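Chain and residue survey
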Amino acid sequence: MAAAGEIEWLRRDYVEGDLLGQFLVVAATDNPVVNRAVFREATEKDILCNAVDDPPFCDFYFPSVVRRGDLQIAISTAGASPALAQRLRKEINGQLPLDVGDWLTDLGNLRREVTQTEPLNEERKWLLHQLAQREVCGYEACPSRLLAREHALKNPLPEKKS
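Analysis parameters
Residues numbered from 1 in each chain as written. Predicted model: local features only at pLDDT ≥ 70, side-chain atom pairs only at ≥ 80, totals over all residues. Heavy atoms only, no water. Helix = DSSP H or I, 4+ residues; strand = E, 2+ residues; numbered from the N terminus. Core = buried A, V, L, I, M, F, W, Y, C linked by side-chain atoms within 4.5 Å. Buried < 20%, exposed > 50% of the residue type's maximum accessible area, 1.4 Å probe, protein only. Salt bridge = Lys/Arg side-chain N within 4 Å of Asp/Glu carboxyl O. Expected span 1.5 Å × (residues − 1). Contact = heavy atoms within 4.5 Å. Disulfide = S-S within 2.5 Å.

Focus: the environment of L153
Topologically, L153 is positioned in helix α5 (residues 143–154). Taking the C-alpha atoms as reference points, L153 and E118, 35 residues apart in sequence, are found 8.8 Å from one another.

As for the nonpolar core
Core analysis: the largest hydrophobic core is formed by nine residues, namely L19, V25, A27, V38, F39, A42, I47, C49 and A51. Secondary-structure elements contributing two or more residues to this core are β1 (24–27), α1 (32–44) and β2 (48–51). Ranked by the residues each element gives to this core, the list is headed by α1, at three residues. L110, L127, L131 and A148 belong to the second largest nonpolar core, which has eight residues in total.

Some words on the pattern of salt bridges
Using the criterion set out here, one finds eight salt bridges in the structure. One salt bridge connects R149 with E140, and the closest N-O pair in it is separated by 2.9 Å. Shared partners join several salt bridges into a network, and the residues in it are E113, E140, R145 and R149.

Remarks on helix α3 (residues 100–117)
Taking 1.5 Å per residue, 18 residues should reach 26 Å; α3 reaches 26 Å between its end C-alpha atoms and fits that length. Of the positions making up α3, those classed as buried are V100, G101, L107, G108, L110 and V114. On its buried face, α3 is in contact with β3 (64–68), β4 (71–75), α4 (122–131) and α5.

Brief notes about the state of the cysteines
Under the defined criterion, the tally for this structure stands at one disulfide. Covalent S-S linkage joins C137 and C142, the inter-sulfur distance amounting to 2.4 Å. Where C137 bonds to C142 through sulfur, the torsion about that S-S bond is close to 120°, and the disulfide is right-handed. The class of C142 is buried, set by a relative accessible area of 1%. Lacking any disulfide linkage, C49 is separated from the closest cysteine sulfur, that of C58, by 6.9 Å.

Set out below in C-alpha cells:
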C-alpha cells in the first residue's frame, strides 16, 4: 500500500504526536507498551483506536467477514478469540454458494417490485418471506416472479381517491 501511495509509511518508532489529525488508528506492533501508548494518545485526542490482540485497549474490533455481493456476514468475538472468528468465517464461507450474491440481487429486485405493487400488510410480509426461501431469478418467466405477480392480484394497492 505504501508503494502504491495509498498510505504514508514512516519507517521508524512511534513518537507521541504521530496521531495528530487522524480519525482512526490501529496499533499493531509486537510491543504491548507501544500499543498502549498509542491507545493512550488516541484516547486523549478522541481518536478511535484498535490495539491488535489487546481487547481492553480497543474502541472497536475488526470482524471476520464473508461477502457474496450485497450479502455480508460479520463474525466477531469482541476480541476474545480472533482465531475462532476466522475459523467460523472459513466454515460459513465454505457453505455459502458462490452465486448467493447474484441470487440476493435478483431477490432484492423482486422485493422492490412487490413493495411497489402491494400494500404494507401481513399478506405482503408473508409473500416476502416465501420468496426468501425460493429460487429467484432475473428472467420474466421466473416461477417466483410469477408467484409474486399472482399474489399482487389478490393483494392490490388501494385505489387512490382523486
